[in-house]
Amino acid sequence: MQKKIRKSYKFAFKTTLYITAVLTILLTLFSVLTKSFNLWAILGFSVLTYVISFFIIQYRVERFIYRRVKKIYDDLTLLESATIRKQPITTNMATLTQEIGKFAQDKKLEIETLKVREEYRKEFLGNISHELKTPLFTVQGYVLTLLDGAMDNESLRKKYLERANKGVERLIYIVQDLDMITRLEVGDLSLNIEPFDIVALVESVFDLLEMKSAKKKITLTFDMQYPNPIMVKADKERIRQVLTNLVVNSIKYGRTKGTTEISIENLIKNKVIVRVTDNGEGIAKANIPRLFERFYRIDKSGSRKEGGSGLGLSIVKHIIEAHDEKIYIESELSVGSEFSFTLEKVK
């Protein structure tokens, strides 16, 4: 479809005015010098010069500039600039400069975004490679040992097969977590929204993780007594997973004989906020913005003191966002961390 030109007469008006003024002044001087001064003749000459010059200049500007400007628009259209495609072609240089400047700024931002995404992609591939190769090499090592002759030893065979099985279970755990995040991102994971008592759910999570916390002598507790149920509306099993992941995290990175405390507060009329607070290692401010990325680790050494798929916090974030709710984090090194998320309250 042929683009329409949005004409600008500003340049022609000004240029014609300058030419007419100069020629009129010259004609007047010449008339005075030759003693043939005629005001009406000079005025007629000025008007005629202005009209003729205006149309010639406007025509030449449109012909000269339009071809080049149209080429610029066509090139930008190839780059799929939606804003410029929708606009008529203009020969106004100020407007064109502004449009091209905005386009260049948008493209610069787009390129910077693509660079960040590329860096994230490379880091993500490196992280997932690290997470998968450890259990894979473990399984391969035990299988090769069995094939090299250890299979004949019944006690070794059973022990190595059990260890290989643990490695396979870890691989399955990582793949299942990745599958869940992917389904949450594309909206393919349906949520079973129902009313339930969040206090009772927290108590069940405490019971489930009692032995794990006891190993580090960490106390799991509420901030206060909750004698009455607090009813919320969400997917109960997914919120159980959120609480489990957050409490497990606080146990992993909590200090021995420390505390993990959960509080439930009214936020606004139809919202509650659930806080999971610990007095553990804490997190540096520089690491907080990337904390919910898949496989992101604060420890860059490549070692993992604690188990897990490295996807726990990423899953937590996606589950909460799938409920159209918010998750927050506050942390200070050597002081502790607080993860909090909102839920809809049953009226």
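Residues numbered from 1 in each chain as written. Predicted model: local features only at pLDDT ≥ 70, side-chain atom pairs only at ≥ 80, totals over all residues. Heavy atoms only, no water.

**Concerning the nonpolar core**
Ile198, Ile239, Leu243, Phe341 and Leu343 are the most contacted members of the largest nonpolar core, which has 50 residues in total. If you tally residues by element for this core, the top one is helix 8 (residues 236-252), at seven residues. Shared between two domains, this core takes at least three residues from each, and those domains are domain 2 (111-186) and domain 3 (193-344). Apart from residues no more than four positions distant in its own chain, Phe341 is found in contact with Ile239, Val242, Leu243, Leu246, Val272, Ile273, Val274, Ile320, Lys326 and Ile327. (Core = buried A, V, L, I, M, F, W, Y, C linked by side-chain atoms within 4.5 Å. Buried < 20%, exposed > 50% of the residue type's maximum accessible area, 1.4 Å probe, protein only. Helix = DSSP H or I, 4+ residues; strand = E, 2+ residues; numbered from the N terminus. Domains from an automatic or database assignment. Contact = heavy atoms within 4.5 Å.)

**Concerning the packing of helix 5 (residues 154-185) against helix 9 (residues 312-322)**
In contact at an axis separation of 10 Å, helix 5 and helix 9 are set at 30 degrees when each is read in the N-to-C sense. With respect to each other, helix 5 and helix 9 are oriented roughly parallel. Viewed along their axes, helix 5 and helix 9 form a crossing whose handedness is left-handed. Facing helix 5, whose interface residues are Asp177, Met180, Ile181, Leu184 and Glu185, helix 9 presents Ser314, Ile315, His318, Ile319 and Ala322. Residue composition of the contact of helix 5 with helix 9, by class: six nonpolar, two polar and two charged. (Axes fitted to C-alpha atoms, helices over the stretch in contact; angles between N-to-C directions. Parallel < 35°, antiparallel > 145°, perpendicular 65-115°, else oblique. Left-handed = near helix turned anticlockwise from the far one by under 90°. Nonpolar A, V, L, I, M, F, W, Y, C, P; charged D, E, K, R; others polar.)

**Describing the UniProt feature "transmembrane region" (unreviewed entry) in the protein**
In the UniProt entry, the feature "transmembrane region" (unreviewed entry) is given for residues 12-33 and 39-61. When the span residues 12-33 is considered, its composition is 100% helix and 0% strand, and the gap between its end C-alpha atoms is 31 Å. The span residues 39-61 is 100% helix and 0% strand, and its two end C-alpha atoms sit 32 Å from each other. (UniProt positions renumbered as here; feature names shortened; annotations may be inferred.)

**Here we look at the pairing of strand 9 (residues 336-345)**
If a strand is regular, its side chains alternate between the two faces of the sheet. Among the ten residues in strand 9, eight count as buried, and that is most of the element. Here strand 5 (residues 231-235) pairs with strand 9 via two bridges, running antiparallel. Counted as the bridge partner of Val232 is Lys345 from strand 9. Strand direction decides the pairing type here: strand 7 (residues 271-278) and strand 9, joined by eight bridges, are antiparallel. Residue pairing across strands places Val276 opposite Phe339, the latter belonging to strand 9. Bridge analysis of strand 8 (residues 327-332) against strand 9 gives six bridges, and the strand direction is antiparallel. When the bridges of strand 9 are listed, Glu332 appears paired with Gly336. In this antiparallel pair of consecutive strands, strand 8 and strand 9, the connection spans three residues, and Ser334 shows a positive phi of 65 degrees. (Pairing = 2+ DSSP bridges.)

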